[in-house]
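# Breakdown of the fold
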Number of protein chains: 2
Amino acid sequence: MKKLRGNLVVGQSGGPTAVINQSLVGLVEAALGRDEIDNIYGARHAVKGILAEDFVDLRRQSREALEAVAITPCAALGSVRKKPTDEERRKVFDVFKKNNIRFFFYIGGNDSAETAHLLAEQGKLENYELCAFHVPKTIDNDLQVTDHCPGYGSAARFVAMALTGSDLDNRSLPGIKIDVVMGRKAGFLTAASALARRREDDGPHLIYCPEVIFNEDRFIADVDTIYKKLGRCVIAVSEGIHRADGTEIGATGEVDSHGNVQLSGSGALGDYLTSMIKKRLGEKLRVRADTLGYLQRSFPGVVSATDAEEARRVGRVAVAEAMREGGPSGGSIALRRTPGVVYNCETFVTELANVAKNTRSMPPAFLEGDNGVTSAFIDYARPLAGSLPAKGMLDLTRVKL
Amino acid sequence: MKKLRGNLVVGQSGGPTAVINQSLVGLVEAALGRDEIDNIYGARHAVKGILAEDFVDLRRQSREALEAVAITPCAALGSVRKKPTDEERRKVFDVFKKNNIRFFFYIGGNDSAETAHLLAEQGKLENYELCAFHVPKTIDNDLQVTDHCPGYGSAARFVAMALTGSDLDNRSLPGIKIDVVMGRKAGFLTAASALARRREDDGPHLIYCPEVIFNEDRFIADVDTIYKKLGRCVIAVSEGIHRADGTEIGATGEVDSHGNVQLSGSGALGDYLTSMIKKRLGEKLRVRADTLGYLQRSFPGVVSATDAEEARRVGRVAVAEAMREGGPSGGSIALRRTPGVVYNCETFVTELANVAKNTRSMPPAFLEGDNGVTSAFIDYARPLAGSLPAKGMLDLTRVKL
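Residues numbered from 1 in each chain as written. Chains lettered and ligands numbered in written order. Predicted model: local features only at pLDDT ≥ 70, side-chain atom pairs only at ≥ 80, totals over all residues. Heavy atoms only, no water.

## Here we look at the overall build of chain A
Spelled out, the test is: Numbering of helices and strands starts at the N terminus; helices are DSSP runs of H or I of at least 4 residues and strands are runs of E of at least 2. Radius of gyration: C-alpha atoms only; globule rule: 2.2 Å multiplied by the number of residues to the exponent 0.38. The buried label applies to any residue whose accessible area, calculated with a 1.4 Å probe on protein chains only, is under 20% of its type's maximum; exposed applies above 50%, and partly exposed to all values in between. Note on definitions: a residue-residue contact is assigned when non-hydrogen atoms from the two residues lie within 4.5 Å.
For chain A, the count of helices and strands is 13 helices and 13 strands. The C-alpha atoms of chain A give a radius of gyration of 23 Å, which matches the 21 Å a tight globule of 401 residues would have. Once the C-alpha set of chain A is aligned to its principal axes, its extents read approximately 85 × 40 × 35 Å. For chain A, buried positions account for 64% of its 401 residues. A sequence separation of at least 24 residues applies to 78% of the contacts in chain A between residues at least 6 apart.

## Side note on unusual backbone geometry
All names here are of chain A. Between Gly203 and Pro204 the backbone carries a cis peptide bond, its omega angle lying at 5 degrees. Within the fold, Pro204 resides in the loop between α7 (188-191) and β7 (206-208). At His45, a position not held by glycine, the phi torsion is positive, near 55 degrees. With respect to the helices, strands and loops of the structure, His45 is situated in the loop between β2 (37-43) and α2 (47-51).

## A look at the interface of chain A and chain B
Frequently, the measure chosen for interface size is the accessible area removed from exposure when the parts meet. Let me state the cut-off plainly: Any Lys or Arg side-chain nitrogen found within 4 Å of a carboxyl oxygen on Asp or Glu counts as a salt bridge. Polar contact criterion, stated in full: a pair of N or O atoms within 3.5 Å, where within protein one must be able to donate a hydrogen and the other to accept it, and residues adjacent in sequence count only if both atoms are side-chain atoms. Each residue is assigned to one of three groups, with Ala, Val, Leu, Ile, Met, Phe, Trp, Tyr, Cys and Pro labelled nonpolar, Asp, Glu, Lys and Arg labelled charged, and all others, Gly among them, labelled polar.
Across the boundary between the two partners, chain A contributes 79 residues, which contact 79 residues of chain B. Inspection of the region where chain A meets chain B yields 6 salt bridges. The residue Arg60(B) makes a salt bridge to Asp395(A) at a minimum N-O spacing of 2.8 Å. Linking chain A with chain B are 29 residue pairs in polar contact (both at pLDDT 80 or more). Contributing elements (two or more residues each) for the side of chain A that touches chain B: β3 (55-57), α3 (63-70), α6 (152-172), α9 (268-281), β9 (287-291) and α10 (295-298) of chain A. Considering each element in turn, the side of chain A that touches chain B owes the most residues, 10 residues, to α6(A). Tallied by class, residues from the side of chain A that touches chain B come to 37 nonpolar, 23 polar and 19 charged.

## Overview of the relation of the copies chain A and chain B
What counts is decided by this rule: In this comparison the copies share one frame, found by least squares on the C-alpha atoms of residues holding pLDDT of at least 70 in both.
It takes a turn of 180 degrees to lay chain A on chain B, together with a shift of 0.0 Å along the axis; the resulting RMSD is 0.0 Å. The superposition of one copy onto the other is thereby described by a two-fold rotation axis. Every residue of chain A has its C-alpha some distance from the rotation axis, and the shortest such distance is that of Gly267(A), at 2.0 Å. Interface overlap between copies: 100% of the residues of chain A at the interface are likewise at the interface in chain B, consistent with a symmetric, same-surface contact.

## Remarks on the side chain of Arg232(A)
All names here are of chain A. Its place among the elements puts Arg232 in the loop between α8 (216-230) and β8 (233-238). For Arg232, the side chain forms a polar contact with the side chain of Asp167, separated by 2.9 Å. In terms of polar contacts, Arg232 uses its side chain to reach the side chain of Asn170, at 3.0 Å.

## What to know about the packing of aromatic side chains
So the rule is basically this: Only the six-membered ring of Trp is used, alongside the rings of Phe and Tyr, when aromatic pairs are assigned; centres must lie within 6.5 Å, and planes under 30 degrees apart are stacked while those over 60 apart are edge-to-face, with the rest tilted.
In this structure the tally under the stated criterion is 33 aromatic pairs over all chains. Geometrically, the ring pair formed by Phe105(A) and Phe133(A) is stacked, given 6.0 Å between the ring centres and 20 degrees between the ring planes. Taken together, the positions of Phe105(A) in strand β4 (residues 101-108) and Phe133(A) in strand β5 (residues 131-136) put the pair 28 residues apart, joining distant regions of the chain. For the pair Phe105(A) and Phe133(A), one class covers both residues: buried. Geometrically, the ring pair formed by Phe377(B) and Tyr380(B) is tilted, given 6.2 Å between the ring centres and 40 degrees between the ring planes. Of this pair, Phe377(B) and Tyr380(B) both sit in helix α13 (residues 375-385), 3 residues apart, which is roughly one turn of the helix. Three or more aromatic residues link up through ring pairs in this structure, and these residues are Phe93(A), Phe96(A), Phe104(A), Tyr106(A) and Tyr128(A).

## Let's talk about the nonpolar core
Note the cut-off: We define a nonpolar core as any set of buried Ala, Val, Leu, Ile, Met, Phe, Trp, Tyr and Cys residues linked to one another through side-chain atoms lying within 4.5 Å.
Counting residues in hydrophobic clusters, the biggest one holds 82 residues, and the most contacted among them are Tyr152(A), Phe377(A), Tyr152(B) and Phe377(B). When residues of this core are traced back to their parent elements, those giving at least two are α6, α7, β8 and α13 (375-385) of chain A together with α6 (152-172), α7 (188-191), β8 (233-238) and α13 of chain B. In this structure, Tyr152(B) is in contact with Thr138(B), Ile139(B), Asn141(B), Phe188(B), Leu189(B), Ala192(B), Asp307(B), Phe377(B), Tyr380(B), Ala381(B) and Leu384(B), ignoring residues within four places of it in sequence.

## As for the domain arrangement of chain A
Residues and elements named next belong to chain A. Counted only if it meets this: Segment limits for the domains were obtained from an automatic or database-derived domain assignment. Throughout, buried area stands for the accessible area (probe radius 1.4 Å) lost by two parts on being put together, summed over both.
Under the domain assignment used here, chain A contains domain 1 (6-137 + 302-355) and domain 2 (154-292 + 362-385). Taking only C-alpha atoms, the centre of domain 1 and the centre of domain 2 are 33 Å apart. Domain 1 puts 15 residues into the contact, and the matching count from domain 2 is 13 residues. Across the interface of domain 1 and domain 2, roughly 1,100 Å² is buried in total on both sides, 51% from carbon and sulfur atoms. The interface formed by domain 1 and domain 2 includes 0 salt bridges. The interface formed by domain 1 and domain 2 includes 4 residue pairs in polar contact (both at pLDDT 80 or more). Where the side of domain 1 that touches domain 2 is concerned, the elements lending two or more residues are α5 (110-126) and α11 (305-323). The element contributing the most residues to the side of domain 1 that touches domain 2 is α5, with 3 residues. Considering only residue class, the side of domain 1 that touches domain 2 consists of 5 nonpolar, 3 polar and 7 charged.

## Concerning the confidence of the model for chain A
What counts here: A residue's pLDDT is simply how confident the predictor is in it, with values from 0 to 100.
Here chain A shows a mean pLDDT of 94. Residues at 70 or above account for 96%. Scored as a complex, the prediction yields pTM 0.96 and ipTM 0.95.

## Examining the sheet that holds β3(A)
Residues and elements named next belong to chain A. Our working rule: Strand pairing is assigned whenever DSSP detects at least two bridges linking the two strands. Where helices are involved, their axes are fitted lines through C-alpha atoms of the stretch in contact, as for all axes, and angles between N-to-C directions lie from 0 to 180°.
Strand order across the open sheet formed by 7 strands is β3-β2-β1-β4-β5-β10-β11, with mixed pairing between neighbours. The open sheet has two edge strands with one neighbour each: β3 and β11 (345-350). The sheet shows a mean angle of 30 degrees between the axes of neighbouring strands, taken without regard to direction. In the sheet, strand β10 (residues 330-337) pairs with β11 via 6 bridges, with the strands oriented antiparallel. Looking at the pairing, Ala334 lines up with Phe348 of β11. The sheet strands contacting α5 are β4 and β5, and the helix crosses β4 at an angle near 160 degrees.

Here's what the structure looks like:
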């Protein structure tokens, strides 16, 4: 097989993360060292920028600028939620052919993998030689095949820190506190709230993942039990919880072009649960809800060092795999843990079809009953989120006067 | 005047902050060195704990435990929102007399200062010699007299970082983003969102403080103008914004014993503004709202170093003032800037009556039009919040193909 040579285009697609730019910079720094790659283009707002030939020159960015971008949250190239139509896929190849684009990298989640897969298939139809790689990123951690997704560790860290604060706040001013966590169909991020617990009575005391049918009667009974026992209750709940009939409790009715329902950017679920608790357990109860919202993916400075390193690495590896003689002409970069006590992951390539479209949920081994997570989950997630800030408590033994 | 000698009780009252425990620890470490003080009691949940004689022994906490508590957000002793009734104030003095409590310190905001003031007045009625000091803390920065309140700097830092993330997220996936910020009557915290701006087109593009009457028509026109110009718009809005007739836009109807309306812990205002924008500017617009909520005061690890140091200092100074020969028998610790280019504050004592009950709002010199803040505000707030994490952006010049 003759060695491919030409221009490269990279896009960042879907919801951003705290470390999505690490992957971009890793990819650029790897590409800068390859003779087979001529221009390194960044597509503004992903496939939308490809269709509009709206590219920026990633060769002319200074090393310092790239390093500053790497530690900045959210997609530096701009992102989009867009699944290209048949017509648009043909148009993409008009652009690719016109500009001799032979290397295509798409940093994103399962929808982005689907787009990369559709474009790879289109390339075969067009008989156009193209390397098409998907570089994983999600905060939801819902990609198939890989042990976990870059982006998840930092978001998990944010959620664990937010719940640490919620628990401390709830100890200060007792009542019932609900924190609504992102994660449409996968509970990994909601489950990460459990990393906030260190002492026996630390919150969150109840964790509701979307993998488990949400039963309102059981929820009320669980809250009541905890509140009666501790005089307070901290609850982490996924935005995607739904009833047995499949209806989502926090849905607003807005749907994107991949068919995803909008759940974030609204306080509806938190307010609904608040009023339900008050109605059924007492209007005078102090019940508060926070929807952690977009801060989970965009807040600067709350980054897991492991996550940042792995995000950088998957970007670099994607280029290395694309360039490797005898290597695959496409695929998605995945992570797997190496055996041993100390956490470590290695990368491998899986086919685009394996990660495109379908998502992964929390395995049953990570879920405990209908409102908790297992120690297996804690062992899984702790190294990804990194060690949390120190926390101190007073000895609150009551003085005998 | 004979030197007072006896036991000390300290309470933490009102909404917690990221550095309220610094003040507690500063106070305890200063008290540990004073012969005039016998026991150092911490009242669990402030005045509620005093009434119940629910005290913890702050002498028996280890140095390491105290230092760990100092860097932990929220009230380590537990807090309460409670204004003692006449009956309860008499009861407090039964407890004080019974236990020879001669030094009373109350860490809190204006409502807490009011409680301290009421108790000091009650002491005079009862002819009971008592030192009563208020140690300032609020995230709202709404205390009278003082240049600023400990607790504000760290909350301002959190808000500035949240808005930095919101702006980057909004650049990634353009649309209209609303962030609802705490601050019932004072816009200092909402205004701190402006610290997120570095480049000309950085958000927040519109800032709505509660000091300015909120006009829905002007709001819609302002959003429309920015959106048409930039293709996106980031808005910071105080939870306390209200119409010309005084009605608060985000109110839920719940009221505490100080007469404060509950505004936080609900997504109502964000959802209301979202639906208003969609109705008037187009249902298809991507509009999202986050209510920053309790994270603003409880999130661990986002602390301004200046704020932490000052919070510690006001605790120490309160004890030193209480012990000073010829010093006041009570008061509130306040901060004032010393002249010079480099930021520095010194402490002084003001009477309890000066900070009790009434709050301070943003001065006109800090407000620009009805949707912005002045550079005078930026100069005021920047040293309090500290320098923010570095942020990098790509050179997005479009490639000529």
